[in-house]
Amino acid sequence: VPTPLPVRCAPAPHSGSRSRSRSSTGCPPTLATEKKSAASTDKRAAMGAGASADNAMSPEELARVHAMLALTPEEQAKKAAAAMKDCLALAATTGLARASRPETWEEAANRIPCPMKGKFENLQRQIEKVPMVGKTLAKPVAAGVESVEKAFVDAASTVGKDPAVAAAYRAAVDGIGVDAAVDLVQGAPGSFTEYLAGQTDGALTDGVTATVAAVLATHTLTKVWGGATEAYNAAATKCGVKPIELDLPSYVVEQAMATLKQLVSAKEIELRDNPGDDAPESVREIFGGGLRTAMAQGSEPLVLVKPDDPRQIQFVVFPQDGATPERLVTGKGLGVVVTARQPVVQSKSWAVLTLGFGRPAEVAGDRGDLRGYAPKFHRRGRFLVADVLGEEYPLKVDNGRYFDQNAIKLVRHATDASKTFYEDGALDFNYSEETKHVGPDRCKQWTSDRYNFVLGLRKNAP
């Protein structure tokens, strides 16, 4: 007998409901229970998950809801699997088409940052203070960063247009399992892409690595980066600063894969939030007012927002060095929670946990499913470190890219714990007593206790 579709128990962050454990008897166990009251179903469906009456569903969409609820759990699972596969296939095709265009890699969300840019900027400021010759010495350091970022755009688009990369993604989508489809349908938009990346990381990394090696063998990026590091190290020796070293091919692979994933995810989110004319019928059936409507969302993604954005989060406590670990919570009892079942390995190197903001669920000791788990954080110098059932994960700005709506995640090295904590890794966070915001140190304004970006939500105000 097929297992009925489960519904997550943790309420959405704006719901105001009481906290419940995952096993609470108050949580609807299956979609079948939704059939008990047609009127109640209509009301919930018309409103959607946290939506307003202005976004009411059409009669056609309501009809889809009832049609989906009438299906057996086995039939529902097949619908969810078809939607996931079709959504990923179109998202990958669209994302890779965008990856072949240089202008795509110039966008803030997709741009590959200059490696160790913070070090370049700090050294530049330090050198400029040297009397007489400071500005002369600093000029090649600044020019090196600009040249590297331009070279990255061209090199990355060359990687993106390689047919071998597209073939690797097609093979990944074709071969992905669908056992988790029902669960992923209930997750936040983008969960399909996260699952694809986790299940096929090894094959995708190998494919992109081969392409990057071929590109860097002849591309000017290799020479430009060499020149930038020479300028930096020459200036660094005059200031007593440690020279820099970088495995350029590994960095390009990691960052190129991050952007490719971002492009696929962006299309997936579009298809799930607002299925348009290009959406496959299976996707419209699920996300155009179908199966997902009866599913509860447990939390919203944790992202960077501008401090004046109503979606910014004000935390009531923040752990200090040597102090007792604390959960990151608001006065309403909502806080930072894990949204992934398990860590996903990226680029064969990093174990990553996605984060959201909502009401914590009771998952203590449940290593099989971490969703809803609210870790306690402690300070380690500039790092903000979460204890996830005995394992340390520092908070990180996803892929080291500082822009509005970029994700905040927990990361640790998958094979060597000593490599988890490193400088200039977008791992530095702090707290403003004045504003109650948590923000990356890199985004702190020099003349005040305020930040250009702070932790916030993707959609709703907390």
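Here's what I pulled together on the structure shown here. (Residues numbered from 1 in each chain as written. Predicted model: local features only at pLDDT ≥ 70, side-chain atom pairs only at ≥ 80, totals over all residues. Heavy atoms only, no water.)

1. A few points about the overall build of the protein
Stated formally: Counting from the N terminus, the helices are DSSP H or I runs at least four residues long and the strands are E runs at least two residues long. Buried residues are those whose accessible area, probed at 1.4 Å on protein chains only, stays under 20% of the maximum for their type, while exposed residues exceed 50% and partly exposed ones sit between those limits. Any two residues whose heavy atoms approach within 4.5 Å are treated as being in contact. Every accessible area reported is derived by Shrake-Rupley at a probe size of 1.4 Å, with residue values counting cover from the shown protein chains alone.
Counting its regular elements, the protein contains 12 helices and 11 strands. Among the 462 residues that make up the protein, the fraction classed as buried is 49%. Within the protein, contacts between residues at least 6 apart in sequence are counted, and of these 70% link residues at least 24 apart. Approximately 21100 Å² of the protein is accessible, and the part contributed by carbon and sulfur atoms is 53%.

2. Side note on the packing of aromatic side chains
This is how it is decided: For Phe, Tyr and Trp, rings pair up if their centres lie within 6.5 Å, where Trp contributes its six-membered ring, and each pair is then called stacked (planes under 30 degrees apart), edge-to-face (over 60) or tilted (otherwise). The rule for a charge over a ring is simple: NZ of Lys or CZ of Arg within 6 Å of the ring centre, and within 35 degrees of the ring normal.
Counted according to the given criterion, the structure contains 6 aromatic pairs. Three or more aromatic residues joined by ring pairs form one cluster here, namely Phe-120, Trp-225 and Tyr-232. Between the NZ or CZ atom of Arg-272 and the centre of the ring of Phe-192, over which it lies, the distance is 4.3 Å.

3. Some points on helix H3 (residues 73-99)
Short version of the rule: One fewer than the residue count of a helix, multiplied by 1.5 Å, yields its expected span.
With 27 residues, H3 extends 38 Å between its outermost C-alpha atoms, agreeing within 8% with the 39 Å of an ideal straight helix rising 1.5 Å per residue. Buried residues of H3: Gln-76, Ala-80, Ala-81, Ala-83, Met-84, Cys-87, Leu-88, Ala-91, Ala-92, Gly-95, Leu-96 and Ala-99, and no others.

4. Details of the pattern of salt bridges
Spelled out, the test is: The working definition used for a salt bridge is a side-chain nitrogen of Lys or Arg within 4 Å of a carboxyl oxygen of Asp or Glu.
Under the definition given, this model contains 23 salt bridges. Between Asp-369 and Arg-371 there is a salt bridge; the shortest N-O distance is 2.7 Å. By relative accessible area, Arg-371 is classed as buried at 11%. Taken together, the salt bridges that share partners define one network made up of Asp-183, Arg-341, Asp-369 and Arg-371.

5. A few points about the nonpolar core
For soluble globular proteins, the rule of thumb is that nonpolar side chains tend to be buried together. Quick reminder of the rule: Among buried residues, the Ala, Val, Leu, Ile, Met, Phe, Trp, Tyr and Cys ones that are joined through side-chain atoms within 4.5 Å form a nonpolar core.
If you look at the biggest cluster of nonpolar residues, it comprises 66 residues, and the most contacted ones within it are Phe-120, Phe-152, Phe-192, Leu-221 and Trp-225. Setting aside chain neighbours within four positions, we find Phe-120 in contact with Pro-115, Val-141, Val-145, Trp-225, Ala-228, Tyr-232 and Ile-244.

6. Considerations on the packing of H3 against helix H8 (residues 191-199)
As a reminder of what qualifies: Here the axes come from fitting lines to C-alpha atoms, over the contacting stretch only for helices, and the angles between their N-to-C directions go from 0 to 180 degrees. In what follows, roughly perpendicular refers to angles from 65 to 115 degrees, roughly parallel to angles under 35, roughly antiparallel to angles over 145, and oblique to any angle outside these ranges. Gly falls in the polar group here, along with every residue not listed as nonpolar (Ala, Val, Leu, Ile, Met, Phe, Trp, Tyr, Cys, Pro) or charged (Asp, Glu, Lys, Arg).
Where H3 contacts H8, the axes come no closer than 10 Å and their chain directions differ by 80°. Classed by the angle they form, the pair H3 and H8 counts as roughly perpendicular. Counting all contacts with H3, which are made through Ala-83, Met-84, Cys-87 and Leu-88, the residues of H8 involved are Phe-192, Thr-193 and Leu-196. When its residues are assigned to classes, the contact of H3 with H8 shows 6 nonpolar, 1 polar and no charged.

7. Side note on the side chain of Ser-282
The following threshold applies: Any pair of nitrogen or oxygen atoms within 3.5 Å is treated as a polar contact; in protein, a donor-acceptor pairing is required on top of that, and neighbouring residues in sequence qualify only through side-chain atoms on both sides.
Its place among the elements puts Ser-282 in helix H12 (residues 281-287). The buried category is assigned to Ser-282, whose relative accessible area is 12%. Polar side-chain contacts of Ser-282 include one of 2.6 Å to the side chain of Asp-86. When neighbours within four sequence positions are excluded, Ser-282 is seen to be in contact with Ala-82, Ala-83 and Asp-86.

8. Structural notes on unusual backbone geometry
Residues other than glycine predominantly adopt negative phi, and peptide bonds predominantly adopt the trans conformation. Phi angles above zero are rare outside glycine, and Met-116 is one such case at about 55°. Residue placement: Met-116 occurs in the loop between H3 and helix H4 (117-128). A positive phi angle is found at Asn-399, which is not glycine, with a value near 60°. Of the residues examined, Asn-399 reaches a relative accessible area of 19% and is grouped as buried.

9. Points about the environment of Leu-271
Among the secondary structure elements, Leu-271 is positioned in helix H11 (residues 248-273). The buried category is assigned to Leu-271, whose relative accessible area is 1%. With 12 residues separating them along the chain, Leu-271 and Val-283 place their C-alpha atoms 7.3 Å apart. Apart from residues lying up to four places away in sequence, Leu-271 is in contact with Cys-87, Leu-90, Asp-278, Ala-279, Val-283 and Phe-287.

10. Some points on the side chain of Ser-191
Mapping Ser-191 onto the fold places it in helix H8. A polar contact is formed between the side chain of Ser-191 and the backbone oxygen of Leu-184, at a distance of 3.0 Å. Those residues within four positions of Ser-191 in sequence are excluded, and the remaining contacts are Leu-184, Glu-268 and Arg-272.

11. Things to note about the environment of Gly-439
Mapped onto the secondary structure, Gly-439 falls in strand E10 (residues 438-440). Expressed as a C-alpha distance, the spacing of Gly-439 and Val-397, which sit 42 residues apart in the sequence, is 9.8 Å. Setting aside chain neighbours within four positions, we find Gly-439 in contact with Asp-428, Phe-429, Asn-430, Tyr-451, Phe-453 and Val-454.

12. So, the packing of H8 against H11
With their axes 8 Å apart at the nearest point, H8 and H11 run at an angle of 145° to one another. Where H8 abuts H11, its residues Ser-191, Phe-192, Thr-193, Glu-194 and Ala-197 lie against Lys-261, Val-264, Ser-265, Glu-268 and Arg-272. The class makeup of the residues in the contact of H8 with H11 is 3 nonpolar, 3 polar and 4 charged.

13. Some details on helix H6 (residues 163-175)
Residues spaced three or four apart along an α-helix point in a common direction, a consequence of the helix completing one turn every 3.6 residues. Keep this limit in mind: The arc in question is the one traced by the directions running from the helix axis out to the C-beta atoms.
With 13 residues, H6 should reach 18 Å at 1.5 Å per residue; the first-to-last C-alpha distance of 18 Å fits that figure. Residues Val-165, Ala-166, Ala-168, Tyr-169, Ala-172 and Val-173 constitute the buried set of H6. Down the axis, H6 shows its buried residues gathered within 160° of arc, on one side only. For H6, the exposed residues lying more than 90 degrees away from the buried face are Pro-163, Arg-170, Asp-174 and Gly-175. The N-capping residue of H6, defined by a side-chain oxygen 3.0 Å from the backbone nitrogen of Ala-164, is Asp-162.

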